[in-house]
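Structural characterization, general
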Amino acid sequence: MLSPTFADPAAATMANLQESPRVEPMAEERSGSWFGFGFCGFGQEPGSGCRCQVLSPEPLQAVRDICRVSASWSYTALVTRGGRVELSGSASGAAGGCRDAWASEEILVLLRDGPGSQAELQAWAPGSALRGEPLWAQEPEAERAEPDAEARAEALPLLPGARAYVSPRPPFRRGLAPELRARRLELGAEHALLLDAAGQVFSWGGGRHGQLGHGTLEAELEPRLLEALQGLPMAQVAAGGWHSVCVSETGDLYIWGWNESGQLALPTRSLAEDKRTVTGEGLNQDGSQVERAAGTEDGAPAPFIAVQPFPALLDLPLSSDAVLASCGSRHTAVVTRTGELYTWGWGKYGQLGHGDSASLDRPCRVEYFVDKQLQVKTVTCGPWNTYVYAVNGNS
Amino acid sequence: MAEGTEGPGDALWEALMALLPSTKEDLMLDLGEKVDRGTALLLQQAVELFHGGRWADCLQASEAVLDYAWEKLNTGPWQDVNKAWRQVYAFGCLLKALCLCQPPREVTAVAAALRVCDMGLLMGAAILGDILIRVVAVLQAHLVSRKRPDCSPSQELPSLKKAKRDHVPAPDVRLERAVPRLHRPSLQHFRKHFLLPGRPVILAGVADHWPCMKKWSLDYIREVAGCRTVPVEVGSRYTDEDWSQTLMTVEEFVSKYITNEIPELKRDISIPDYCCLGSGEEEEITINAWFGPPGTVSPLHQDPQQNFLAQVIGRKYIRLYSPQDSEALYPHETHLLHNTSQVDVENPDLEKFPKFAEAPFLSCTLAPGEILFIPVKYWHYVRALDLSFSVSFWWS
């Protein structure tokens, strides 16, 4: 949810995501654009002041050449290929020489160009409009103990050198044991997920909604290995408010935590009571979606799941392979190998992109991209919205 | 279908507006630095929309405030949630409820606004001099006045019959060590012999003249509180796998779970004088009402505060174990349930929990008009023998 992703088509495949160097302006094989949908009550993209929410994907207009997006609740940070960061929403302003950005309500973290090939880490108050001085600044390179440190420059909130990460609440800089060999780190409302060099997943923090995945509701003070996933190398992790997702190197999706709005794609009581459970089984003759209460094959009602404290394998429709996942507070978005986007969970502000405000407890494809023959390459979720990078699909 | 007239002339709207602070600037919360900048901006915008008469936009902004505050309320343990977020939530409820009642309004608007206010009272914190309570009073009065006098309840009332008293077998407490019963002990005596040493006692003659002990009809409860939203625990005990907690109106709860006729009584209660022996303020005393069918069980557990349990309707069988004997009660090891015993008191698994057989306890059948003093951390197990209504006072 709070980790930016970058959109370089050459790097969109799994192998490249692990190896690619920092992004530089380069020629595109195919033209691509960014789209957004969901909450924009502060006027952030794609909203334009008068609208509170966007229910279907709309192209981002105001900023060109975006290569990465980091969205907080009330504002979005957009980083361009030219190294410029532009803020949209409750926070405004722009700055150059920027390689990476990480937006939260409390602080905006930027990785700026420093002298030579050094980079400088800066934390700004969102209300500062990037004028004056940052709240604090330091050279992360100074932390690096080994030259082959796993983390790349585009891995915020994980700091370059992978010895520490940035947090929106004090202490703003938190250390990580070097033996963890952190590759990626994601933060939820009260937990953290870490992906290491070997594809293992660690979690720590609050666990009252099962978001740590260790099978209990207990908190963990230190990073604890997810034993349930041992032997399954993961390629990517994503953290929502109170749920967690990871994608294996072979394209499988594992998900756990709180399911109160169906964000785990499991039957949830709240949606059944609203009669909004959509089976995704297909269309009726008149084109409407088949609807029935969640149930098992023999017609017995399926149990409602409020909390899933262990990772559960989630099959996407059509046996699609997942390549990338991102989570908002209470929704989940997944990109498949074939360039489709599936979303599910809380949909009140249109963050699922299906043209309405319904929440869903089953993965549903965002038809907009299929209809326009666009291949989705990347998705980044803000707490209540979703940003997508897609390219023309004709090949 | 709409009701109410636009502009002046709508009695409900005028009554609600009269509750608001006299100056526009006062309709605001003083939160300082405790909420983030985005939230402060959104609150400001919502209030401006309200004063500008842009009800639909204000409603939308209030919804966003509520949804965001809700997420904060669900982050971390409840006791650690910053009070400011609960105030924000209450404020969002206030604005939303007012916007819903703006004429012309839907027929269901007032009941919906009442549900919103109840959520603000349940999850929020006091704002603007407890304005939500006053708003609720206005909304309730409006709902009651709109009911036709000969209107019958939506559900057919069960025919008048005596409460079944032998529905659940009552333990013979004469065979067990009894909780002492005292008639109106002095404050000093209570303090010296029970409060300070932490010993349970039943106080008789204290609550038996409370107005609530008089006749009270099911009709009256439904009429006065039927539209109010309350938390309901569903399931025979909270340690069961299929136990859950949900919200519903009193009307929904009564029609679904209460089948017996109950004796009538009025609703006034008083805080027992003995609470003044504590160190806390009177406003900090938590008063809860417990209403449920016979057989309802509270598994053996302890609470972090002193408790006066006043029995109003029906009888409760209660067992008390001293905190000194906690080891023999096998508390759960998880943090979430560490104040709950694993043992089913009236059907203990003595192979799994051998020490429980020897654990000493006191017991009683608490009858209407009596108050049981449960010292802080004293383990207690409760089973309702009849349809039961109790009021608990948690104090320090």
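Residues numbered from 1 in each chain as written. Chains lettered and ligands numbered in written order. Predicted model: local features only at pLDDT ≥ 70, side-chain atom pairs only at ≥ 80, totals over all residues. Heavy atoms only, no water.

Per an unreviewed UniProt entry, chain B is named Bifunctional peptidase and arginyl-hydroxylase JMJD5, and its organism is Chinchilla lanigera. Quoted straight from UniProt, the Subunit (unreviewed entry) entry for chain B says "Can form homodimers (via JmjC domain). Found in a complex with RCCD1. Interacts (via N-terminus) with RCCD1 (via N-terminus); this interaction stimulates H3K36me3 and H3K36me2 demethylation. Interacts (via JmjC domain) with H3C1. Interacts with FBXL3 and PSMD2. Interacts with CRY1 in a FBXL3-dependent manner." (UniProt positions renumbered as here; feature names shortened; annotations may be inferred.)

Each helix and strand counted, chain B has nine helices and 14 strands in total. Taken across its 396 residues, chain B has 46% of its residues classed as buried. (Helix = DSSP H or I, 4+ residues; strand = E, 2+ residues; numbered from the N terminus. Buried < 20%, exposed > 50% of the residue type's maximum accessible area, 1.4 Å probe, protein only.)

In this structure, Leu16(B), Tyr89(B) and Leu139(B) are the most contacted members of the largest nonpolar core, which totals 62 residues. Elements that contribute at least two residues to this core include exactly helix H1 (11-17), helix H2 (37-51), helix H3 (55-73), helix H4 (83-101), helix H5 (109-123) and helix H6 (131-146) of chain B. By residue number, the principal contributor to this core is H4(B), which donates 13 residues. The residues contacting Tyr89(B), other than those within four sequence positions of it, are Leu66(B), Ala69(B), Trp70(B), Leu73(B), Met119(B), Gly120(B), Met123(B) and Gly124(B). Grouped together as the second largest cluster of nonpolar side chains are 26 residues, Val109(A), Trp136(A), Leu187(A) and Ala192(A) included. (Core = buried A, V, L, I, M, F, W, Y, C linked by side-chain atoms within 4.5 Å. Contact = heavy atoms within 4.5 Å.)

On to the interface of chain B and chain A. Across the contact, 20 residues belong to chain B and 26 residues belong to chain A. When the two sides are added together, the surface that chain B and chain A hide from each other amounts to roughly 1,900 Å², 57% of it contributed by carbon and sulfur. In this structure, the connection of chain B to chain A is made through two salt bridges. Where chain B packs against chain A, one counts eleven residue pairs in polar contact (both at pLDDT 80 or more). (Buried area = accessible area lost by both parts, 1.4 Å probe. Salt bridge = Lys/Arg side-chain N within 4 Å of Asp/Glu carboxyl O. Polar contact = N/O pair within 3.5 Å; in protein donor to acceptor, adjacent residues only side chain to side chain.)

With that settled, consider the sheet that holds strand E8 (residues 98-103) of chain A. In any sheet, the strands associate via hydrogen bonds between backbone groups, in a parallel or an antiparallel arrangement. All names here are of chain A. Pairing is antiparallel in the open sheet, where four strands are placed in the order E8-E9-E10-E11. Pairing within the sheet leaves two strands with one partner each, and these edge strands are E8 and strand E11 (136-138). Neighbour-to-neighbour, the strand axes of this sheet turn through a mean angle of 15°, independent of strand direction. Here strand E10 (residues 119-124) pairs with E11 via three bridges, running antiparallel. For leucine 121, the partnering residue across the bridge sits in E11 and is glutamine 138. (Pairing = 2+ DSSP bridges. Axes fitted to C-alpha atoms, helices over the stretch in contact; angles between N-to-C directions.)

Residue and element names in this part refer to chain B. Here valine 136 lies in helix H6. Residue valine 136 is classed as buried on the basis of its relative accessible area, which comes to 4%. It is 29 Å that separates the C-alpha atoms of valine 136 and glycine 76, two residues lying 60 residues apart in sequence. Leaving out residues up to four positions away in the same chain, valine 136 has contacts with Leu114, Cys117, Leu121 and Arg228.

With that out of the way, let us pick up H3(B). Across its 19 residues, H3(B) extends 26 Å between first and last C-alpha, which sits within 8% of the 27 Å expected from 1.5 Å per residue. Among the residues of H3(B), Cys58(B), Ala61(B), Ser62(B), Ala64(B), Val65(B), Leu66(B), Asp67(B), Tyr68(B), Ala69(B), Trp70(B), Glu71(B) and Leu73(B) are the ones counted as buried. (Expected span 1.5 Å × (residues − 1).)

Here the focus is the pattern of salt bridges. All told, the structure shown has 22 salt bridges over all chains when counted by the stated rule. Among the salt bridges present, the one from Asp118(B) reaches Arg228(B), with a minimum N-O distance of 2.4 Å. Of this pair, Asp118(B) sits in helix H5 while Arg228(B) sits in the loop between helix H8 (218-225) and strand E5 (229-234), placing them 110 residues apart in sequence. Assigned by exposure class, Asp118(B) and Arg228(B) land together as buried. Via salt bridges that share partners, Lys348(A), Glu63(B), Asp67(B) and Lys96(B) belong to a single interconnected network.

All names here are of chain A. An order of E24-E25-E26-E27 is seen for the four strands of this open sheet, with the pairing classed as antiparallel. If you trace the sheet from one side to the other, it starts and ends with strand E24 (322-327) and strand E27 (360-365), each paired once. With direction set aside, neighbouring strand axes in the sheet form an average angle of 15°. Bridge count between strand E25 (residues 331-336) and strand E26 (residues 341-345): five bridges; the pairing is antiparallel.

Our next topic: the pairing of strand E28 (residues 374-381) of chain A. All names here are of chain A. Counted residue by residue, E28 has seven buried out of eight residues, so it is predominantly covered. Sheet topology places E28 next to strand E29 (residues 385-392); seven bridges connect them, and they run antiparallel. Paired with cysteine 381 across the two strands is threonine 386, which belongs to E29. With antiparallel pairing between neighbouring strands as the criterion, E28 and E29 make up a hairpin whose turn holds three residues.

On to unusual backbone geometry, then. A cis amide bond, omega 0°, links Glu45(A) with the succeeding residue Pro46(A). Between Pro103(B) and the following residue, Pro104(B), the backbone shows a cis peptide bond with an omega angle of -5°. Among the secondary structure elements, Pro104(B) is positioned in the loop between H4 and strand E2 (105-106). The phi dihedral of Tyr330(B) is positive, around 50°, even though this residue is not glycine. Turning to its location among the elements, Tyr330(B) is positioned in the loop between strand E10 (316-321) and strand E11 (362-366). The residue Lys377(B) is not glycine, and still its phi comes out positive at about 70°. You can see Lys377(B) is positioned in the loop between strand E12 (371-374) and strand E13 (379-384).

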